[in-house]
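# Geometric and topological summary
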Amino acid sequence: MNFKNININKNGFREYDARWLYPKDINLEGIKSLGIGLGTQITNRTKKNPRVIVGHDYRSYSEEIKRSLTNGLIEAGCKVEDVGLSLSPMVYFAQFELNADAVAMVTASHNENGWTGVKMGIEKGLTHAPEEMNELKDIVLNQKFNFDKGSYKEIKGFKEIYINNLISKNKIKKKIKAVVACGNGTAGVFAPQILKGIGCEVVELDCNLDFTFPKYNPNPEDLEMLHAIAKAVRENNADVGFGFDGDGDRVGVIDNKGEEIFSDKIGLLIARNLAPKYKGSKFIVDVKSTGLFAKDKILKENNCETIYWKTGHSHIKRKVNQTKALAGFEKSGHFFFNNPLGYGYDDGINSALQVCHLLNDQNKKMNEIINDLPKTYQTPTMAPFCKDEEKYLVVEDLIKQVELLKIKNTKIDNQAITDILTVNGVRFSLDDGSWGLIRASSNKPSLVVVTESPTSNERKKKIFDFIDNLLQKTGKIGEYDQKI
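Quick caveat, the model's predicted, so the values are computed rather than measured. (Residues numbered from 1 in each chain as written. Predicted model: local features only at pLDDT ≥ 70, side-chain atom pairs only at ≥ 80, totals over all residues. Heavy atoms only, no water.)

## A word on the overall build of the protein chain
Keep this limit in mind: Helix numbering and strand numbering both begin at the N terminus, where a helix is a DSSP run of H or I of at least 4 residues and a strand a DSSP run of E of at least 2. Based on C-alpha atoms, the radius of gyration is set beside the globule rule, defined as 2.2 Å times the residue count to the power 0.38. Exposure classes here rest on a 1.4 Å probe applied to the protein chains alone. A residue is buried below 20% of its type maximum, exposed above 50%, and partly exposed in between. Every residue pair with non-hydrogen atoms within 4.5 Å of one another is taken to be in contact. In short, Shrake-Rupley with a 1.4 Å probe defines the accessible areas, and a residue's cover is counted only from the protein chains shown.
A count of helical and extended segments in the protein chain gives 15 helices and 21 strands. Taken over the C-alpha trace, the protein chain has a radius of gyration of 23 Å; the compact-globule value for 484 residues is 23 Å, and the two agree within 12%. Structurally, the protein chain occupies a C-alpha span of about 70 × 55 × 40 Å along its principal axes. Within the protein chain, the proportion of its 484 residues that are buried is 60%. Considering only intrachain contacts with a sequence separation of at least 6, the fraction spanning at least 24 residues in the protein chain is 69%. Accessible area for the protein chain stands at about 19,400 Å²; split by element, carbon and sulfur atoms hold 46% of it.

## Section: the pairing of strand E8 (residues 201-205)
The test is simple: When DSSP locates at least two bridges between a pair of strands, those strands are taken to pair. Look down the strands so they point away from you; if going from the first strand over the helix to the second traces a clockwise path, that crossover is right-handed.
The pairing of strand E7 (residues 177-181) with E8 spans 5 bridges and is parallel. Across the sheet, Val-179 pairs through a bridge with Val-203, a residue of E8. The handedness of the E7 to E8 crossover, carried by helix H6 (residues 191-198), is right-handed.

## Some thoughts on the pairing of strand E3 (residues 79-85)
Side-chain direction in a regular strand flips from residue to residue, so the side chains alternate between the two faces of the sheet. Within E3, 5 of the 7 residues are buried, leaving the element largely enclosed by the surrounding structure. Bridge analysis of strand E2 (residues 51-56) against E3 gives 5 bridges, and the strand direction is parallel. The partner of Arg-51 across the bridge, within E3, is Lys-79. In terms of handedness, the path from E2 via helix H2 (residues 62-75) over to E3 forms a crossover that is right-handed. Bridge count between E3 and strand E6 (residues 151-154): 4 bridges; the pairing is parallel.

## Quick look at helix H14 (residues 388-407)
For clarity, the threshold we go by: For a helix, the expected span equals 1.5 Å multiplied by the residue count minus one. The arc in question is the one traced by the directions running from the helix axis out to the C-beta atoms.
In this model, H14 (20 residues) spans 30 Å end to end at C-alpha, consistent with the 28 Å of a helix rising 1.5 Å per residue. Those residues of H14 lying buried are Lys-391, Val-394, Val-395, Leu-398, Ile-399, Val-402 and Leu-405. Mapping the buried residues of H14 onto a view down its axis gives an arc of 150°, with all of them on the same face. For H14, exposure combined with an orientation more than 90 degrees from the buried face picks out Glu-389, Leu-393, Lys-400 and Ile-407. Where H14 is buried, its residues meet strand E18 (415-421), strand E19 (426-430), strand E20 (435-440), strand E21 (447-453) and helix H15 (457-474). Just past H14, the residue Asn-409 takes up positive phi, approximately 60°.

## Considering the sheet that holds strand E9 (residues 240-244)
Strand pairing in a sheet relies on backbone hydrogen bonds. The paired strands run either parallel or antiparallel. What counts is decided by this rule: Fitting a line to C-alpha atoms yields each axis, with helices limited to the stretch in contact; the angle taken between N-to-C directions then spans 0 to 180 degrees.
As summarised here, the arrangement of the 5 strands in space is E8-E7-E9-E10-E11, forming an open sheet in which the pairing is mixed. Looking along the sheet, the strands with just one partner apiece sit at the ends: E8 and strand E11 (260-261). Pairing analysis gives 4 bridges linking E7 to E9, with the strands arranged parallel. Following the sheet pairing, Ala-181 is matched in E9 by Gly-243. Strand contacts of helix H7 (residues 223-236): E7, E8, E9, strand E10 (251-254) and E11, with the helix running at about 150° to E9, the strand carrying the most contacts. Sheet contacts for helix H12 (residues 348-361): E9 and E10; angle to E9, the most-contacted strand, approximately 170°.

## Things to note about the sheet that holds strand E12 (residues 282-286)
The sheet built from 4 strands is open, its strands ordered E13-E12-E14-E15 with mixed pairing. Both outer strands of the open sheet, strand E13 (305-309) and strand E15 (335-337), are each paired with one neighbouring strand and no more. Across the sheet, the axes of successive neighbouring strands diverge by a mean angle of 15°, strand direction being ignored. Direction of pairing for E12 relative to strand E14 (residues 327-329): parallel, over a ladder of 3 bridges. If you follow Ile-284 over to E14, its bridge partner there is Gly-328. Sitting on the sheet, helix H8 (residues 263-274) touches E12, E14 and E15, and the angle it makes with E15 is about 20°.

## Things to note about the packing of aromatic side chains
What counts here: Stacked, tilted and edge-to-face pairs are distinguished by plane angle, under 30 degrees for stacked and over 60 for edge-to-face with tilted covering the rest, among Phe, Tyr and Trp rings (Trp via its six-membered ring) whose centres lie within 6.5 Å. Criterion for a charge above a ring: Arg CZ or Lys NZ at most 6 Å from the ring centre, at most 35 degrees from the ring normal.
Scanning the model with the defined rule gives 19 aromatic pairs in all. With a centroid separation of 5.9 Å and an interplanar angle of 75°, the aromatic rings of Tyr-162 and Phe-190 are classed as edge-to-face. Residue Tyr-162 is located in helix H5 (residues 158-169), and its partner Phe-190 is located in the loop between E7 and H6; the two are separated by 28 residues in the primary sequence. Of the two residues examined, Tyr-162 and Phe-190, each falls in the buried class. For the pair Tyr-343 and Tyr-345, a centre-to-centre distance of 6.4 Å together with 25° between the ring planes defines the contact as stacked. Tyr-345 gets classed as buried once you look at its relative accessible area, which sits at 8%. Aromatic rings pair up to connect Tyr-92, Phe-93, Phe-96, Phe-158, Tyr-162, Phe-190, Tyr-343 and Tyr-345 into one cluster. Between Lys-319 and the ring centre of Trp-309, over which it is positioned, the NZ or CZ distance is 3.9 Å.

## Things to note about the environment of Lys-460
Tracing the backbone through its elements, the reader meets Lys-460 in helix H15. Along the primary structure Lys-460 and Gly-246 are separated by 214 residues, whereas in three dimensions their C-alpha atoms are 34 Å apart. Here Lys-460 is in contact with Tyr-377, Gln-378, Thr-379, Thr-451, Ser-453 and Ile-484, once residues within four sequence places are set aside.

## A look at helix H11 (residues 313-323)
Of all 11 residues in H11, 8 are buried; the element is thus mostly enclosed. Of all the positions in H11, only His-313, Ser-314, His-315, Ile-316, Lys-317, Lys-319, Val-320 and Thr-323 are classed as buried. Where H11 is buried, its residues meet helix H3 (88-97), helix H4 (130-141), E12, E13, E14 and E15. Directly after H11, the chain includes Lys-324, whose backbone phi takes a positive value near 55°.

What follows is the structure, encoded as structure tokens:
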């Protein structure tokens with residue numbers, strides 16, 4: 001291999017996966033060296049010539065990138081098994097179904113065209129954590145490569161195996177009319193067929209594959225996509241609307257009135273529906289999620305436990321795996337279902353199927369089911385600027401300050417601090433279930449601030465003012481990306 005021609009920007013190695021602008025920040029030689037590095041990491045871990053599943057999303061350049069990545073994996077001694085055009089969860093499923101040693105999915109998820117990347121994992125159902133990404137970065141950038149003889153094999157017809165697996169386990173009796181929106185991304189060749197297969201009447205919205213993404217990026221957090229789904233739900237008098245991201249591991253949900261339901265609330269509705277069937281279950285949610293999980297009467301009646309954990313799909317996935325939780329819900333729309341509902345990884349289509357079960361099991365419309373939850377007042381996720389080299393130190397200092405305020409019984413809007421969680425920044429809860437969160441962003445120079453109150457909008461604002469006051473006193477905070 002000609003190492004002189006390699007272009008690979010070190011900043012592309014992120015916390016849980018790798019992403020670059022192609023060909024600006026990485027070229028095909030760089031992709032190949034990533035493949036050799038990943039292959040080296042897998043062979044070091046497995047101590048054999050490992051079988052590695054690869055797949056790619058529907059972008060104009062994804063196949064050529066997969067080819068270069070595959071060539072690198074083969075040079076490192078891997079036996080590559082290629083399942084072709086895929087969703088990320090299909091590749092994760094293939095690792096179980098084909099009993100392989102690792103996965104590498106070529107995708108930039110919901111990023112704009114021009115981006116490419118790889119989601120990878122070794123242990124079944126899990127993707128790389130920050131430690132594994134740092135290890136991979138070191139191997140690739142310092143060319144600590146192993147070389148051996150590998151092989152390549154094409155696996156034909158695997159798409160149908162994945163689709164049939166989801167259909168066979170999830171048939172419903174009620175006729176549910178669902179808008180299925182894919183933003184012209186890869187989910188378009190999977191989601192409509194699966195939802196029809198379980199018994200839904202499907203209204204397709206931008207499900208034809210078009211790698212130019214002519215309308216908007218397939219991203220269920222994108223307002224343009226959500227508004228298009230809402231409009232289609234109202235026009236078609238549908239029961240629910242689903243929006244899938246570019247590689248199919250996330251879903252956004254719109255109710256029958258065309259209103260967006262935030263993912264943490266969808267998670268709670270699904271948990272409530274599952275709790276009576278799976279009594280004593282654990283659910284994992286990230287620290288940005290609603291406080292309603294902690295006090296929910298249906299979860300308590302069924303002896304279920306909710307654990308608040310670090311934000312980030314890799315963190316929640318690992319915690320679901322370690323604790324043998326039934327499910328995990330991340331505010332960004334990554335949901336994880338463990339046995340017997342899934343294999344523990346994030347699959348946006350399986351998440352949509354669980355919402356269909358919720359509608360199938362209850363004799364209510366989606367907006368009525370959401371209205372059964374106590375009302376809460378929650379801020380958007382706000383991101384005040386804070387330098388990368390200072391943000392973690394600022395949060396450490398704020399943890400100490402909040403702990404001291406609890407000891408001193410300092411009140412916020414006449415409410416005492418009852419509980420402090422420090423697994424990911426500091427999340428403090430008050431007497432009435434209100435809470436505030438301050439944490440360092442994992443991918444940009446900022447902090448993350450969220451507050452919620454089940455009592456009043458005014459209390460939500462007072463908690464924000466309290467946090468903002470603490471932050472301003474540090475002298476290390478810049479402008480917010482948005483404020484309430």
